[in-house]
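The residues making up each chain are set out below.
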Amino acid sequence: MQKFIGLPASSGIAIGPAWIYQPVTVTIERRAVADAAAEWTRLQTALSMARTQLQALETRARENIGASEADIFAAHQMFLEDEELLGTLKTAVLDQRQNAEAAAYDSFEHYASALESLEEEYFKARAADVRDVSRRVLQCLTGKVDEAALEQPSVIFADDLTPSDTVAFDKDKILGLVTVRGGPTSHTAILARGLGVPAIVSAPVRLGDFLPGTMVILDGATGELTLGPTLAELNRARQRQAEWQTVRAAQLAAATQAATTPDGHTVEVVANIGNVEDARQAVENGAEGVGLFRTEFLYLDRETMPSEADQTAIYREVFKVMGRRIMVVRTLDIGGDKAVPYLGLQQEPNPFLGWRAIRMIRERPDVLESQFRALLAAGGETAVNLHIMLPMVSSLAEILRARELLDAARASLQAEGKPVPAVHFGIMVEVPSAAVLADLLAPHVDFFSIGTNDLTQYTLAVDRTNERVAALASPYHPSVLRLIKMTIDAADKHGKWVGMCGELAGDEIAVPLLLGLGLDEFSMAPSSVPAVKAAIRRWPLTECRAIAEHALNLPQAIDVIEYLKGLSTR
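Because the structure is a prediction, the values reported are computed rather than measured.

Concerning the overall build of the chain
- Across its full length, the chain carries 20 helices and 17 strands.
- Taken over C-alpha atoms, the radius of gyration comes to 25 Å for the chain, in line with the 25 Å a tight globule of 570 residues would show.
- A principal-axis box enclosing the C-alpha atoms of the chain has dimensions of 65 × 65 × 45 Å.
- Taking the intrachain contacts of the chain between residues at least 6 apart in sequence as the baseline, contacts between residues at least 24 apart amount to 69%.
- For the chain, the accessible surface area stands at approximately 23,600 Å², while carbon and sulfur atoms represent 52% of it.
- One finds the centroid of the 54 positive side-chain charges in the chain at a distance of 3 Å from the centroid of its 74 negative side-chain charges.

Structure, rendered in structure tokens:
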């Protein structure tokens, strides 16, 4: 029996056989090329192939894990569009006449080494992202791909796991993850938490010192790893695992019950979904409805606009799963960071501040009107409690114009004799101007939904796909919390309710803070619903209000986090 202590990355206990992942190694042959133009074309083709694969992985991650995890692959695509990197590649091939493989390896490795030389662990961890993209490009150039398959439920060991590796595994066969490298901010840790499996990073274990199939115990809460445990160790681990599973089972058993505080205050706990399978998982985990239905998947990976009939059919299928529950649908939120040429999207210097989401309404009102018609048609054929919200709203004019299109869509369906449901109309508060103007916008909508991921990004001027500054993007920053409070107060003044569908809503330590701020609806990944409901039942509202007041007066995000963590251990 051997014991090792690594860094805890995702809580839980895993017991099972070890499976050692060894990715294919691409050997770099260096040679001078005679036809540099042809070689540059070959490299451009590989870059395009890699970009397409990353878009597919982003979609898969969004559907199977979550939005923030999918953002990892959006960031990877940005590497392939970096003008400085592309310039370096072009110079290496056209001017220095390097072969494509050598040029790609050298350019990406130079970038990764620069990140590793920085002092902060966060930036060192981002070097793995660069090497992940590099390996993908090299595989596209050479045709070599990883062929090893995970055949049974196992604890996966690796020197390091790239996001691409982790998402490619069959999630039903992942008992836990162990990596020799990486830290708590690595994507192995982020994806493990998204998948809901225990994980340890920076484990001081030599992968060649034990055989695949060796029984292991992984404690993701303490970072303890045991290889070849004794029967007594196995029994103790199974007892701890059973205790953890008992807590989880109790949460699941109570998941369908209302989320009511000890002093009688009830809030809604709903789910973020992107497809039918997510909807089913939401119901299984006790979600009282859907607080965010992402519709972008309908528009990606295709050459033409989805027809109204195709949209209606897909919406209808999801709506039926949810029965009479609340269904909050976000209209198309897509911009220049995605390759959707049929919409007229173009590559932009900063797509997150560009022509996207509701801003498309001026040039392409037909896109939103078609989506409105499809949503109303599907809603009229089902019993779902339909809510529609607009993303990226920054002014009243956008709301009024969208209202006109919604009314036109309703009138046209009624003229065709089709049933049209009652609809609640709202907006996402994710641009600071919307929070500041919330008191003026509230009379024109039925509800607000706070998207803390983007609200944080825009408030703090931090591009969350830029690995060098993403660590600054904390929703616990006092400025973000004050905008949340401002939005909720404005809504209360006009008798409107407020939900939250960003990552903050699914964080258990944030529960007393958000309750105290007056949030009405918490929306999160389906797997988080039972635990968040259990946390809500722990906190009296009167105490939560005092907690929120104190947190709002703390000067830094880290102060807020440490304060809330201290409360959670009571």
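Topic: the packing of helix 11 (residues 365-380) against helix 12 (residues 396-415)
- Look at helix 11 against helix 12: their axes get within 9 Å of each other, and the N-to-C directions meet at 50°. If you check the angle between helix 11 and helix 12, you find them oblique. For helix 11 against helix 12, the interelement crossing comes out right-handed. Note on element contacts: helix 12 touches helix 11 through Arg401, Ala402, Leu405, Leu406, Ala408, Ala409, Arg410, Ser412 and Leu413, opposite Pro365, Leu368, Glu369, Phe372, Arg373, Leu376 and Ala377.
- For the contact of helix 11 with helix 12, the residue count by class is 11 nonpolar, one polar and four charged.

Some remarks on helix 9 (residues 276-284)
- Of the residues making up helix 9, those classed as buried are Val276, Asp278, Ala279 and Ala282. Taken end-on, helix 9 shows its buried residues confined to a sector of 160°, consistent with a single buried face.
- Where helix 9 is buried, its residues contact helix 1 (36-64), strand 10 (266-273) and helix 10 (308-322).
- Of the residues flanking the end of helix 9, it is Gly286, one or two places downstream, whose phi is positive at about 90°.

Quick notes on the sheet that holds strand 5 (residues 174-179)
- Ordered by their spatial adjacency, eight strands build an open sheet running 1-8-7-3-4-5-6-2, and the pairing between neighbours is mixed. The open sheet has two edge strands, strand 1 (2-5) and strand 2 (7-10), and neither has a second partner. Averaged over all adjacent pairs, the angle separating strand axes in this sheet is 30°, with direction ignored.
- Across three bridges, the pairing between strand 3 (residues 13-20) and strand 4 (residues 154-158) is parallel. The residue bridging Ile20 from the neighbouring strand is Phe157, located in strand 4.
- Here helix 8 (residues 231-253) sits on the sheet in contact with strand 1, strand 3 and strand 7 (215-219), set at roughly 120° to strand 3.

Quick look at the packing of aromatic side chains
- Enumeration according to the criterion identifies eight aromatic pairs in this entry.
- With 6.0 Å between their ring centres and 25° between their planes, Trp19 and Tyr21 make a pair best called stacked.
- Residues Tyr315 and Phe319 carry aromatic rings whose centres are separated by 6.3 Å and whose planes lie at 15° to one another, so their mutual orientation is stacked. Residue Tyr315 and its partner Phe319 are both found in helix 10; the two are separated by four residues, about one turn of the helix.
- Assessed through its relative accessible area of 0%, Tyr315 is described here as buried.
- Judged by its relative accessible area of 0%, Phe319 is buried.
- The rings of Trp19, Tyr21 and Phe169 are connected pair by pair, giving a single aromatic cluster.

Re the side chain of Glu296
- Tracing the backbone shows Glu296 in the loop between strand 11 (289-293) and helix 10.
- For Glu296, a relative accessible area of 7% gives the class buried.
- A distance of 2.9 Å separates a polar atom in the side chain of Glu296 from a polar atom in the side chain of Arg330.
- Among the polar contacts made by the side chain of Glu296, one reaches the main-chain amide nitrogen of Asp333 at a distance of 2.8 Å.
- Among all residues touching Glu296, those that are not within four sequence positions of it are Arg330, Thr331, Leu332 and Asp333.

Side note on the pattern of salt bridges
- One pass over the structure, following the stated rule, counts 23 salt bridges.
- Ionic pairing is found between Asp366 and Arg364, a salt bridge with its closest N-O pair at 2.9 Å.
- For Asp366, a relative accessible area of 39% gives the class partly exposed.
- Three or more residues joined by partner-sharing salt bridges are found here, namely Lys3, Glu224, Glu233 and Arg236.

Side note on unusual backbone geometry
- Its identity as a non-glycine residue notwithstanding, Arg97 has a phi of 60°, on the positive side.
- Take Arg97: it is sitting in the loop between helix 3 (83-95) and helix 4 (100-116).
- Owing to a relative accessible area of 37%, Arg97 belongs among the partly exposed residues under this scheme.
- Of note, the phi angle at Ala461 is positive, near 55°, even though the residue is not glycine.
- Inspection of the secondary structure puts Ala461 in the loop between helix 15 (452-459) and helix 16 (478-493).

Some points on the side chain of Thr226
- Note on placement: Thr226 falls in strand 8 (residues 224-227).
- The residues contacting Thr226, other than those within four sequence positions of it, are Met1, Gln2, Lys3, Met215, Val216 and Ile217.

Focus: the nonpolar core
- Grouped together as the largest cluster of nonpolar side chains are 101 residues, with contacts concentrated most on Phe319, Met327, Phe448, Tyr476 and Ile484.
- With residues up to four places along the chain from it excluded, the contact list for Tyr476 reads Leu481, Leu504, Asp507, Ile509, Ala510, Leu513, Ala557, Val560, Ile561 and Leu564.
- In terms of nonpolar packing, the next biggest core, distinct from the first, is built from 33 residues, Ala50, Ile65, Leu80 and Ala103 among them.

Concerning a nonpolar patch on the surface
- On the surface, Val436, Leu437, Leu440 and Met486 cluster together into a nonpolar patch covering about 340 Å² of accessible area.
- Counting through the fold element by element, Leu437 comes out in the loop between helix 13 (432-436) and helix 14 (438-441).
- For Leu437, a relative accessible area of 31% translates into the label partly exposed.

A word on the packing of helix 8 against helix 18 (residues 529-536)
- Viewed as axis vectors pointing N to C, helix 8 and helix 18 meet at an angle of 85°, and their least axial separation amounts to 8 Å. With respect to helix 18, the axis of helix 8 lies roughly perpendicular. Contact residues: helix 8 offers Arg248, Gln251 and Leu252, while helix 18 offers Pro530, Ala531 and Ala534.

What counts, and where the lines are drawn
Residues numbered from 1 in each chain as written. Predicted model: local features only at pLDDT ≥ 70, side-chain atom pairs only at ≥ 80, totals over all residues. Heavy atoms only, no water. Helix = DSSP H or I, 4+ residues; strand = E, 2+ residues; numbered from the N terminus. Rg over C-alpha atoms; globule rule 2.2 N^0.38 Å. Contact = heavy atoms within 4.5 Å. Areas by Shrake-Rupley, 256 points an atom, 1.4 Å probe, with all protein chains shown as cover. Lys, Arg positive; Asp, Glu negative; His and termini not counted. Charge placed at Lys NZ, Arg CZ, Asp CG, Glu CD. Axes fitted to C-alpha atoms, helices over the stretch in contact; angles between N-to-C directions. Parallel < 35°, antiparallel > 145°, perpendicular 65-115°, else oblique. Left-handed = near helix turned anticlockwise from the far one by under 90°. Nonpolar A, V, L, I, M, F, W, Y, C, P; charged D, E, K, R; others polar. Buried < 20%, exposed > 50% of the residue type's maximum accessible area, 1.4 Å probe, protein only. Arc of directions from axis to C-beta. Pairing = 2+ DSSP bridges. Phe/Tyr/Trp six-rings, centres within 6.5 Å; stacked < 30°, edge-to-face > 60°. Polar contact = N/O pair within 3.5 Å; in protein donor to acceptor, adjacent residues only side chain to side chain. Salt bridge = Lys/Arg side-chain N within 4 Å of Asp/Glu carboxyl O. Core = buried A, V, L, I, M, F, W, Y, C linked by side-chain atoms within 4.5 Å. Patch = residues over 30% accessible without salt bridge, like charges linked within 9 Å, V, L, I, M, F, W, Y side chains within 5 Å.

From the geometry alone we can't say anything about function, so treat these as descriptive.
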